[in-house]
Structures are given as C-alpha cells and as structure tokens.
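Breakdown of the fold
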Amino acid sequence: MNIFNFPDTWIEPLGKGFCQDFLDEIDSKFSKLNTGNANIFPPINSVFRALELVHFKEAKILILGQDPYHGLGQANGLSFSVNKKIAIPPSLKNIFLELKNDLNIPISSHGDLTFWAKQKILLLNSILTVEQGRPNSHQEFGWEQLTNKIISQLSLRGNMIFVLWGNIAQKKFHLIDKRENTILCAPHPSPLSAYRGFFGCNHFSEINKILKENGSREINWELD
C-alpha cells in the first residue's frame, strides 16, 4: 500500500478507506523527514512488526507501550522489546524482575519479546516511530489516530486482555469496553515508578488465570 508494507490482515478490521487515507498521509510526512536526513527508529520495515506477528482475529492480549526506544539499534517494532545482543533497557529489566517474582521465571539474558508476540500478544506502542536521541519526538505525528483505532476495534471484537502500565497507557481506558474485555492497570515499569505498584501487580499470573478460565492456552512467559 505504501513504504511501510502495512499488513493485509489488519486492513479489513480497521477499514480499507481509513487505512489508505492514513497511510498516504504518514507516507507523505516521512518523505519530508527523509529529505532532512532524520534517523528514525525502528527501521521502516519494522514499524508495523507488532501487527505482522499477530492477526487481528487471533490477538489475545495487548501490552501497550508509549513510543519506541530512541537509542541506536534498540527499537524492533514491539513495545518494550529490543533485539538480541542489545543491552536490556531499565523498564524491561523491571518487567523481567516482576515476572520472576510473580511466576519464578528466570530473568532472560536478552530482551527480544518476539516469542511473546508469537503467542498472540500484541506488543503495540501508541506512537510507532521516534527520531534518534529524541524521545516522544513523533508525539504529534498522527500515529495515535491509527493505534487508537486498533485499540477500539479490538475492544469491539471482545474477549481481549488489555494491559495498561503507566498514566499514558491508562489514558486509553475510555477506548475499551470493560464489559466485553479485561483491563489490567499498574504503574509503569520504569525505575521512576516501578516501586509504586508495578512490582507486585502479578499481571503475568493474572493473565494466565484469565486465559485458563476462558479455555485458552496460557502464555509461556519464559523466553527462548
């Protein structure tokens, strides 16, 4: 459809007209950025990686992040995730620590969360791109028009678990029908807020409990 190769499986749920108009607009904005030699993360072919790995009809869980990591080589298109051999960021270290405390799962030696995505966890950021060294630099870029639509459509589909860590993620609460879905909220895993209630939230065991009660396969949280 454009430079991003938007996944076909999400076009019908979001609306073909909506996707075409939105992607044309984003494409135009990126063309202007490229003339200024801006270094943008994640790489263009990974911007929609979260959607490529999880089909709209198969998504079980959405873990919502803010925007991609802004350091060189970090962002890989999945919220909170980094590629193997990249240093694990502080927030992800705290996620792994909570996972160990909750389910006694060993702390991973790497931060690539692809294995979680392959179990139908949509690791989505609200804002899908960032410029190097400039966190939130694409906050006004228009990405939330798309990601809000994704959240709303998944809510309408129902039977989803939405994981909202931190105040920014929790601003999406109003987009979700809590009668048809489950919403889990906690402070952000950042070192600035993890001790205010992220540690001890037990969301990983809670997710598996909900899935089991619904007759769905539990998540294997231990990374390969």
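Here the structure is shown first, and the text comes after it.
Reading guide: rules and limits
Residues numbered from 1 in each chain as written. Predicted model: local features only at pLDDT ≥ 70, side-chain atom pairs only at ≥ 80, totals over all residues. Heavy atoms only, no water. Salt bridge = Lys/Arg side-chain N within 4 Å of Asp/Glu carboxyl O. Helix = DSSP H or I, 4+ residues; strand = E, 2+ residues; numbered from the N terminus. Buried < 20%, exposed > 50% of the residue type's maximum accessible area, 1.4 Å probe, protein only. Pairing = 2+ DSSP bridges. Axes fitted to C-alpha atoms, helices over the stretch in contact; angles between N-to-C directions. Contact = heavy atoms within 4.5 Å. Arc of directions from axis to C-beta. Phe/Tyr/Trp six-rings, centres within 6.5 Å; stacked < 30°, edge-to-face > 60°. Expected span 1.5 Å × (residues − 1).

Next up on the list: the pattern of salt bridges. The final tally for this structure, using the stated rule, is five salt bridges. Of the charged contacts, one joins Glu25 and Lys29 as a salt bridge, the two residues approaching to 3.5 Å between their closest N and O atoms. One end of the pair, Glu25, and the other, Lys29, are both in helix 2 (residues 16-35), four residues apart, so they sit about a helical turn from each other. Taking the relative accessible area as the measure of exposure, Lys29 reaches 27% and is therefore partly exposed. Arg134 is paired through a salt bridge with Glu131; the nearest N and O atoms lie 2.9 Å apart.

Here we come to the sheet that holds strand 2 (residues 61-65). Across the sheet, four strands lie side by side as 3-2-5-6; this open sheet has parallel pairing. Strand pairing shows two members of the sheet lacking a second neighbour, strand 3 (121-125) and strand 6 (182-186), which therefore form its edges. In this sheet, neighbouring strand axes are inclined to one another by 20° on average, regardless of whether the strands run parallel or antiparallel. Along the sheet, helix 6 (residues 143-157) makes contact with strand 2, strand 3 and strand 5 (161-165), crossing strand 3 at roughly 150°.

This part covers helix 8 (residues 203-213). All of the buried residues along helix 8 are His203, Phe204, Ile207, Asn208, Ile210 and Leu211. Projected down its long axis, helix 8 carries its buried residues within an arc of 160°, all on one side. Every exposed residue of helix 8 that faces more than 90 degrees away from the buried side is listed here: Lys212 and Glu213. Buried positions along helix 8 lie against strand 2, helix 4 (90-103), helix 5 (114-117), strand 5 and strand 6. After helix 8 finishes, the residue Gly215 shows a positive phi value of roughly 75°.

This part covers the pairing of strand 2. As a general feature of sheets, a regular strand has side chains that alternate between the two faces. Summarising burial for strand 2: five of the five residues are buried, a large majority. Pairing of strand 2 with strand 3 involves five bridges; the strand directions are parallel. Paired with Ile63 across the two strands is Leu123, which belongs to strand 3. Here strand 2 pairs with strand 5 via four bridges, running parallel. Paired with Ile61 across the bridge in strand 5 is Ile161.

This part takes up the packing of aromatic side chains. Counted by the stated rule, this structure contains 13 aromatic pairs. On the numbers, 5.8 Å between centres and 55° between planes, the contact of Phe22 with Trp143 is tilted. Separated by 121 residues along the polypeptide, Phe22 in helix 2 and Trp143 in helix 6 bring together distant segments of the chain. Like Trp143, Phe22 is buried. Residues Phe48 and Trp143 carry aromatic rings whose centres are separated by 5.9 Å and whose planes lie at 80° to one another, so their mutual orientation is edge-to-face.

Given a rise of 1.5 Å per residue, 15 residues ought to cover 21 Å, and the 21 Å separating the end C-alpha atoms of helix 6 matches this to within 8%. The set of residues buried in helix 6 consists of Trp143, Leu146, Thr147, Ile150, Ile151, Leu154 and Ser155. Following helix 6 by one or two positions, Gly158 has its phi on the positive side, about 85°.

Bringing the environment of Pro191 into the picture now. Mapped onto the secondary structure, Pro191 falls in the loop between strand 6 and helix 8. For the pair Pro191 and Ser91, spaced 100 residues apart in sequence, the C-alpha separation works out to 6.5 Å. Those residues in contact with Pro191 that lie beyond four places of it in its chain are Pro90, Ser91 and Asn94.

Structurally, Phe115 is set in helix 5. The partly exposed category is assigned to Phe115, whose relative accessible area is 22%. Each C-alpha atom, one on Phe115 and one on Asn208, is 16 Å from the other, the two residues being 93 residues apart in sequence. Excluding residues within four positions of it along the chain, Phe115 makes contact with Asn220, Glu222, Leu223 and Asp224.

Honestly, that's just the spatial picture; any functional story needs more than this.
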